[in-house]
Amino acid sequence: MILADKIIKLRKKNGWSQEELAEKMNVSRQAVSKWEGAQTIPDLERILQLSEMFGVTTDYLLKDERNEEEFVESTSDTLVRRVTLKEANEYLDLRRWAAKMIALATFLCIIAAIPLLILGAASETKLWGISESMADGIGIVVMLLMVAVAVAMYIFCGMKSGSYEFLSKESFETEYGVKGMVQRRQQAYRNNYIKWNIIGVCVCVVSPIALLVSGLAENAFWLEVMVCVTMVLAGIGIMMLIYTGVIWASMQQLLKGGDFSKEKKEKEEIKDAISIGYWIVTTAVFLGYSFITKNWDYGWIIWVIAGVLFAGVKVISNMIIDREKK
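**Q** Which residues make up the overall build of the chain, and what are the values?
**A** The number of helices and strands found in the chain is 15 helices and two strands. Out of the 326 residues belonging to the chain, those deemed buried represent 37%. Across the chain, contacts joining residues at least 24 apart in sequence account for 72% of those joining residues at least 6 apart. Carbon and sulfur atoms make up 63% of the accessible area of the chain, which totals about 19000 Å².

Have a look at this one:
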């Protein structure tokens, strides 16, 4: 069996197209086509790359009389994890479940201040006969409990997904049939992905309407209620975006597409670090301002400002990262 036939055999065994093999080897599809058509022979560097990629010896590739595959012994440092069809299905199902948990946990964080706002407004207007200190105390306790539940949900999701952490941190390949299965599931989900993204964005956009309407009323309690309605609507919109985004991202991760392509992985790690740091600082500013000034009624505005500025932070960080990569 000549080298051309061996390349075809090994490529098909791994379920790769000529385009996929070319991308993995950083050559053109035409180059792979010529190898498989016995029109050209890969140079020594490409032979070594093929040997490492397919896990076979160079002797097997180069010597026509050797028809049986001769595998090299892989070490733990060079072993590339292969995702089976069963693992891929389990991962997608797990991320669909995690999407609900993550979306709900985020919603709890967004609305955590609502009890504090309502009780604070009630104490000011003497509506329920509750003192200001009691209102603040109960409101803060409830807020911290809701945030604690949300954090627990985040941690639980992370622990459940721990066995698939290698998908984002290590190089991996998928077995034959995985890519086709994921593509079919992604195609079936595409319409829902587009629909819920549109609805989620629209809900977020119209959420301030309740706050604007409240400006027509002179009742302080009614104003706080409308602030809470705005927060709930924004939370619902964000829930939709997160839920559908997590599901879509899990498929992209297995397909190594979009932000999960090899070229973008390094950039995304830096962007994630920046985002985490940004929101940690925002949380610290919110809690510091609210505790020091005791002005919990307007502290939520910090989150609105932070959300608007975050878009600018993302753009600037992307520009800096892209410039550094060049």
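**Q** Give a detailed account of the packing of aromatic side chains, specifying residues and quantitative values.
**A** Summed over all chains, the structure comprises four aromatic pairs. Taking 5.7 Å as the distance between ring centres and 80 degrees as the angle between the ring planes, the aromatic pair formed by W97 and F156 counts as edge-to-face. Of the two residues, W97 sits in helix α6 (residues 85–111) while F156 sits in helix α8 (residues 132–160), which places them 59 residues apart along the sequence. In this structure, K6 packs its charged tip against the face of Y60, placed 4.6 Å from the ring centre.

**Q** Any chance you could break down a nonpolar patch on the surface for me, citing the residues and the numbers?
**A** A surface patch of nonpolar side chains, amounting to about 450 Å² of accessible area, comprises V147, V151, Y154, I155 and M159. Within the secondary structure layout, I155 lies in helix α8.

**Q** Could you give an account of the pattern of salt bridges, naming the residues involved and the relevant values?
**A** Tallied over the full model, the rule gives four salt bridges. With a closest N to O distance of 2.0 Å, E20 and K179 form a salt bridge. Of this pair, E20 sits in helix α2 (residues 18–25) while K179 sits in helix α10 (residues 178–206), placing them 159 residues apart in sequence. On the basis of relative accessibility, which here comes to 15%, the residue E20 falls in the buried class. Measuring nitrogen to oxygen at the nearest pair gives 3.2 Å for the salt bridge that ties R185 to D93. Residue R185 is found in helix α10, and its partner D93 is found in helix α6; the two are separated by 92 residues along the sequence.

**Q** An account of unusual backbone geometry is requested, with residue identities and associated values reported.
**A** The phi dihedral of A38 is positive, around 60 degrees, even though this residue is not glycine. Tracing the chain through its elements places A38 in the loop between α3 (29–36) and α4 (44–54).

**Q** Lay out helix α7 (residues 114–125) with the relevant residues and their values.
**A** Residues lying three or four places apart along an α-helix face the same way, a consequence of the helix completing one turn every 3.6 residues. Spanning twelve residues, α7 covers 17 Å between terminal C-alpha atoms, matching the ideal 16 Å at 1.5 Å per step. K126 sits one or two residues past α7 and shows a positive phi near 60 degrees.

**Q** Explain the nonpolar core to me, using residue names and the numbers behind them.
**A** Core analysis: the biggest nonpolar cluster contains 45 residues, and V83, L92, L167, V182 and L254 have the highest contact counts within it. Looking at this core, the elements with two or more residues in it are α6, α7, α8, α9 (166–169), α10 and α12 (220–255). In this view, V182 contacts L92, M251, L254 and L255; residues no more than four positions away in its chain are not counted.

**Q** Please provide a residue-by-residue account of the packing of α6 against α10, values included.
**A** The N-to-C vectors of α6 and α10 enclose an angle of 30 degrees; their axes lie 9 Å apart at closest approach. One element, α6, and the other, α10, form an angle in the roughly parallel class. Judged by the sense of rotation from one axis to the other, the crossing of α6 with α10 is right-handed. Residues L85, A88, N89, L92, D93 and R96 of α6 pack against V178, M181, V182, R185 and Y189 of α10.

**Q** Tell me about the side chain of Q186, and name the residues and values.
**A** In this fold, Q186 is placed in helix α10. Of note is the side chain of Q186, whose polar atom sits 2.8 Å from the side chain of Q252. Apart from residues no more than four positions distant in its own chain, Q186 is found in contact with W248, M251, Q252 and L255.

**Q** Tell me about the packing of α2 against α3, and name the residues and values.
**A** At a closest axis distance of 8 Å, the pairing of α2 and α3 adopts a crossing angle of 110 degrees. In terms of orientation, α2 and α3 fall into the roughly perpendicular class. Crossing of α2 against α3: the hand is right-handed. Contacts from Q18, E19, L21, A22 and M25 in α2 reach R29, V32, S33, W35 and E36 in α3. Counted by class, the contact of α2 with α3 contains five nonpolar, two polar and three charged residues.

**Q** Give me the lowdown on the environment of E173, citing residues and values where you can.
**A** As for its position among the elements, E173 is in strand β2 (residues 172–174). Linking E173 and T84, residues 89 residues apart in sequence, is a C-alpha distance of 9.1 Å.

**Q** For the environment of T174, give the residues involved together with the corresponding values.
**A** If you trace the backbone, T174 turns up in strand β2. Those residues in contact with T174 that lie beyond four places of it in its chain are N14, R82, V83 and L254.

What counts, and at which threshold
- Residues numbered from 1 in each chain as written.
- Predicted model: local features only at pLDDT ≥ 70, side-chain atom pairs only at ≥ 80, totals over all residues.
- Heavy atoms only, no water.
- Helix = DSSP H or I, 4+ residues; strand = E, 2+ residues; numbered from the N terminus.
- Buried < 20%, exposed > 50% of the residue type's maximum accessible area, 1.4 Å probe, protein only.
- Contact = heavy atoms within 4.5 Å.
- Areas by Shrake-Rupley, 256 points an atom, 1.4 Å probe, with all protein chains shown as cover.
- Phe/Tyr/Trp six-rings, centres within 6.5 Å; stacked < 30°, edge-to-face > 60°.
- Lys NZ or Arg CZ within 6 Å of the ring centre and 35° of its normal.
- Patch = residues over 30% accessible without salt bridge, like charges linked within 9 Å, V, L, I, M, F, W, Y side chains within 5 Å.
- Salt bridge = Lys/Arg side-chain N within 4 Å of Asp/Glu carboxyl O.
- Expected span 1.5 Å × (residues − 1).
- Core = buried A, V, L, I, M, F, W, Y, C linked by side-chain atoms within 4.5 Å.
- Axes fitted to C-alpha atoms, helices over the stretch in contact; angles between N-to-C directions.
- Parallel < 35°, antiparallel > 145°, perpendicular 65-115°, else oblique.
- Left-handed = near helix turned anticlockwise from the far one by under 90°.
- Polar contact = N/O pair within 3.5 Å; in protein donor to acceptor, adjacent residues only side chain to side chain.
- Nonpolar A, V, L, I, M, F, W, Y, C, P; charged D, E, K, R; others polar.

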